[in-house]
Amino acid sequence: MIAVAMFSSTGLVNDILMDSGMITAPVNFLDSDQHVWLAMTGWSIWKGLGWGAIIYLAAISGIDPALYESAKMDGAGRFQTMRHITIPQLMPTYLVLLLLSIANLLNNGMEQYYVFQNAFNKEHIEVLDLYVYNVGMTGNSLSMATAIGMLKSLISVALLFTVNGIAKRVRGESLV
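A. Spotlight on the overall build of the protein. When helices and strands are counted, the protein shows nine helices and zero strands. Along the protein, helices (α) and strands (β) appear in the sequence α-α-α-α-α-α-α-α-α when read from the amino end. Its C-alpha atoms give the protein a radius of gyration of 22 Å, clearly above 16 Å, the size a compact globule of 176 residues would have. Viewed in the frame of its principal axes, the protein has a C-alpha envelope of about 60 × 50 × 20 Å. For the protein, the proportion of its 176 residues judged to be buried stands at 26%. By element, 66% of the accessible surface of the protein is carried by carbon and sulfur atoms, the whole surface being about 12,100 Å². For the protein, the separation between the mean place of its 9 positive charges and that of its 12 negative charges on side chains is 14 Å.

B. A nonpolar patch on the surface, seen in detail. A cluster of nonpolar side chains, Trp-51, Val-96, Leu-100, Val-157, Phe-161, Leu-175 and Val-176, forms an exposed patch at the surface whose accessible area comes to about 670 Å². Where the nonpolar patch is concerned, the elements lending two or more residues are α5 (78-103) and α9 (142-171). Structurally, the position occupied by Val-157 is in helix α9. Since its relative accessible area comes to 41%, Val-157 is described here as partly exposed.

C. Expanded view of the packing of aromatic side chains. This model, assessed by the stated rule, comprises one aromatic pair. Each ring, one from Tyr-114 and one from Tyr-133, has its centre 5.3 Å from the other, and the planes form 70°; the classification is edge-to-face. Pair noted here: Tyr-114 is in helix α6 (residues 110-116) and Tyr-133 is in helix α8 (residues 128-138), with a separation of 19 residues, a long-range link. Taking relative accessible area as the criterion, Tyr-114 reaches 42% and is therefore assigned partly exposed.

D. Seen up close, α8. Looking only at α8, the buried set comprises Asp-129, Leu-130, Val-132, Asn-134, Val-135 and Gly-136. Elements in contact with the buried residues of α8: α6, α7 (122-125) and α9. Looking one or two residues past α8, Asn-140 carries a phi angle of roughly 55°, positive in sign.

E. Expanded view of α5. The sharpest bend along α5 reaches about 40° and sits at Met-91, with the proline Pro-92 one to four residues further on. Those residues of α5 lying buried are Thr-81, Ile-85, Thr-86, Leu-90, Thr-93, Leu-95, Leu-97, Leu-99 and Ile-102.

F. Focus on the pattern of salt bridges. Scanning the entire structure with this criterion turns up one salt bridge. Two residues, Asp-129 and Lys-152, come together in a salt bridge whose shortest N-O distance is 2.4 Å. With Asp-129 in helix α8 and Lys-152 in helix α9, the pair connects residues that are 23 residues apart, well separated along the chain. Across the pair, exposure class does not vary: Asp-129 and Lys-152 are buried alike.

G. Structural context of the environment of Met-40. Here Met-40 shows up in helix α3 (residues 36-61). Of the residues examined, Met-40 reaches a relative accessible area of 2% and is grouped as buried. For the pair Met-40 and Asn-108, spaced 68 residues apart in sequence, the C-alpha to C-alpha distance is 9.9 Å. Once residues within four sequence positions are removed from consideration, Met-40 is found in contact with Gln-112, Tyr-113, Phe-116 and Ile-125.

What counts, and at which threshold
- Residues numbered from 1 in each chain as written.
- Predicted model: local features only at pLDDT ≥ 70, side-chain atom pairs only at ≥ 80, totals over all residues.
- Heavy atoms only, no water.
- Helix = DSSP H or I, 4+ residues; strand = E, 2+ residues; numbered from the N terminus.
- Rg over C-alpha atoms; globule rule 2.2 N^0.38 Å.
- Buried < 20%, exposed > 50% of the residue type's maximum accessible area, 1.4 Å probe, protein only.
- Areas by Shrake-Rupley, 256 points an atom, 1.4 Å probe, with all protein chains shown as cover.
- Lys, Arg positive; Asp, Glu negative; His and termini not counted.
- Charge placed at Lys NZ, Arg CZ, Asp CG, Glu CD.
- Patch = residues over 30% accessible without salt bridge, like charges linked within 9 Å, V, L, I, M, F, W, Y side chains within 5 Å.
- Salt bridge = Lys/Arg side-chain N within 4 Å of Asp/Glu carboxyl O.
- Phe/Tyr/Trp six-rings, centres within 6.5 Å; stacked < 30°, edge-to-face > 60°.
- Contact = heavy atoms within 4.5 Å.
- Bend = angle between axes of the 7 residues up to and from the residue.

The following block contains the structure:
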């Protein structure tokens, strides 16, 4: 609903663009087949920013304050502290989030694409999950949809083990 309220032809973004004189007529962000992938990528990033911020803030709050105090007493500035304390302490959290992202790479949030699909962008918005849904539910080929879903899962597991192996070689530690 927030995306519809912001990006519809009478939404906040169009109001701001029209009030500032950047456009003269409202832009149909949701009813257009142009830049569909850019809009979907932007909304996916927007959806994930809050969760990512919470995870990283929790990891930063778990860093021992004595490390920061000793770095300050040794004369380290803000950027040196960030480079030598914060980033290395965040690497395990980053590794976990990277592995989760890679394992979930082929799952691109079918519900988001399903909700924003309309007659204008239908042929430009179909992703793998939406294709599986359409094959299984509207095409009545549940066996084909199941096979595609299983293949997608196998590829995700292979990607997970590949990235985990690379992380083990680079950092000397792995999760799986």
